[in-house]
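A closer look at the structure
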Amino acid sequence: MDEVRLGRLARQVKSLKVGGLVYRVVRNDVAMEAADFYGSTAGLTSTIMVRHDIDARVLVLTLLHETLHAIANVYMEGFKPTEQAVGAIAQGLFQVLVDNPKFTRTIGVLAER
């Protein structure tokens, strides 16, 4: 998939359902750039903020990374994984999904149900 199409698709993600919560995905280039972050997750407001002025693959990886924070907020109450752990899991999962398109398509079929 070309970078332009990938970026366009990633920028269309406006919300993510995690457990019983719906996390809004909002673009906040100014705040994220000022904090020197690509993204951030606010569990209290169920919001994921991401920069959109970044490379398409980095944007997808950032969405995955912040989704892992949301999963921790919902399913691991009282436990806050380190940035290093979330980053490692996000990078590893991203690579597994990219390197195994049949597996990724299989997950997509489940999502269509």
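Residues numbered from 1 in each chain as written. Predicted model: local features only at pLDDT ≥ 70, side-chain atom pairs only at ≥ 80, totals over all residues. Heavy atoms only, no water.

Regarding the packing of helix α4 (residues 83–99) against helix α5 (residues 101–111)
When two helices pack together, their arrangement is given by the angle between their axes and by how far apart the axes lie. Defined as follows: Whenever a helix is involved, its axis is fitted only over the stretch in contact; in every case the axis is a line through C-alpha atoms, and angles between N-to-C directions fall within 0 to 180 degrees. Numbered from the N terminus, helices here are DSSP runs of H or I no shorter than four residues, and strands are runs of E no shorter than two. Each angle receives one of four descriptions, namely roughly parallel if under 35 degrees, roughly antiparallel if over 145, roughly perpendicular if within 65 to 115, and oblique otherwise. Every residue pair with non-hydrogen atoms within 4.5 Å of one another is taken to be in contact. Each residue receives one of three labels: charged for Asp, Glu, Lys and Arg, nonpolar for Ala, Val, Leu, Ile, Met, Phe, Trp, Tyr, Cys and Pro, and polar for the others, Gly being one of them.
The interhelical angle for the contact between α4 and α5, taken along N-to-C directions, is 100°, at an axis separation of 5 Å. It follows from the interaxial angle that α4 and α5 lie roughly perpendicular. In this structure, α4 contributes V96, L97, V98 and D99 to the contact, and α5 contributes P101, F103, T104 and I107. Among the residues making up the contact of α4 with α5, the classes are represented as six nonpolar, one polar and one charged.

Some details on the sheet that holds strand β4 (residues 47–50)
Threshold: When DSSP locates at least two bridges between a pair of strands, those strands are taken to pair.
If you walk across this open sheet you meet the four strands as β1-β2-β4-β3, and the pairing is mixed. Each end of this open sheet is capped by a strand with a single partner; those strands are β1 (15–18) and β3 (39–42). Each neighbouring strand pair of the sheet contributes to a mean axis angle of 20°, computed without reference to strand direction. Relative to β4, strand β2 (residues 21–27) is paired through four bridges, and the arrangement is parallel. Paired with R27 across the two strands is V50, which belongs to β4.

Let's talk about the pairing of β1
Pairing of β1 with β2, which is carried by four bridges, proceeds in the antiparallel orientation. Note that in β2 the partner of V18 across the bridge is L21. The antiparallel pairing of β1 with β2 creates a hairpin that spans two residues between the two strands, and G19 there sits at a positive phi of about 60°.

Quick notes on the pairing of β4
Alignment of β3 against β4, held across four bridges, turns out to be antiparallel. Bridge pairing in β4 links T41 to I48. Count of turn residues in the β3/β4 antiparallel hairpin: four residues, of which S46 carries a positive phi of about 50°.

Regarding α4
Side chains that are three or four residues apart share a direction in an α-helix, a result of its 3.6 residues per turn. Quick note on the threshold: To estimate how far a helix should reach, multiply one less than its number of residues by 1.5 Å. For every residue, the accessible area (1.4 Å probe, protein chains only) is compared with the maximum for its type, and the residue is labelled buried under 20%, exposed over 50%, or partly exposed between those bounds. For this quantity, the arc is that covered by the directions from the helix axis to the C-beta atoms.
Here α4 is 17 residues long and its end C-alpha atoms lie 24 Å apart, about the 24 Å a rise of 1.5 Å per residue gives. Those residues of α4 lying buried are V86, G87, A90 and F94. Projected down its long axis, α4 carries its buried residues within an arc of 100°, all on one side. Every exposed residue of α4 that faces more than 90 degrees away from the buried side is listed here: Q84, A88 and I89. Each element contacted by the buried residues of α4 is listed here: α3 (56–75).

A look at the pattern of salt bridges
Rules: Salt bridge criterion: a side-chain nitrogen from Lys or Arg within 4 Å of a carboxyl oxygen from Asp or Glu.
Evaluated as defined, the whole model comprises two salt bridges. A salt bridge links E3 to R57; its shortest N-O distance comes to 3.5 Å. Of the two residues, E3 is situated in helix α1 (residues 3–11) and R57 in helix α3; the sequence distance between them amounts to 54 residues. In this structure E3 comes out as partly exposed when scored by relative accessible area, which is 35%.

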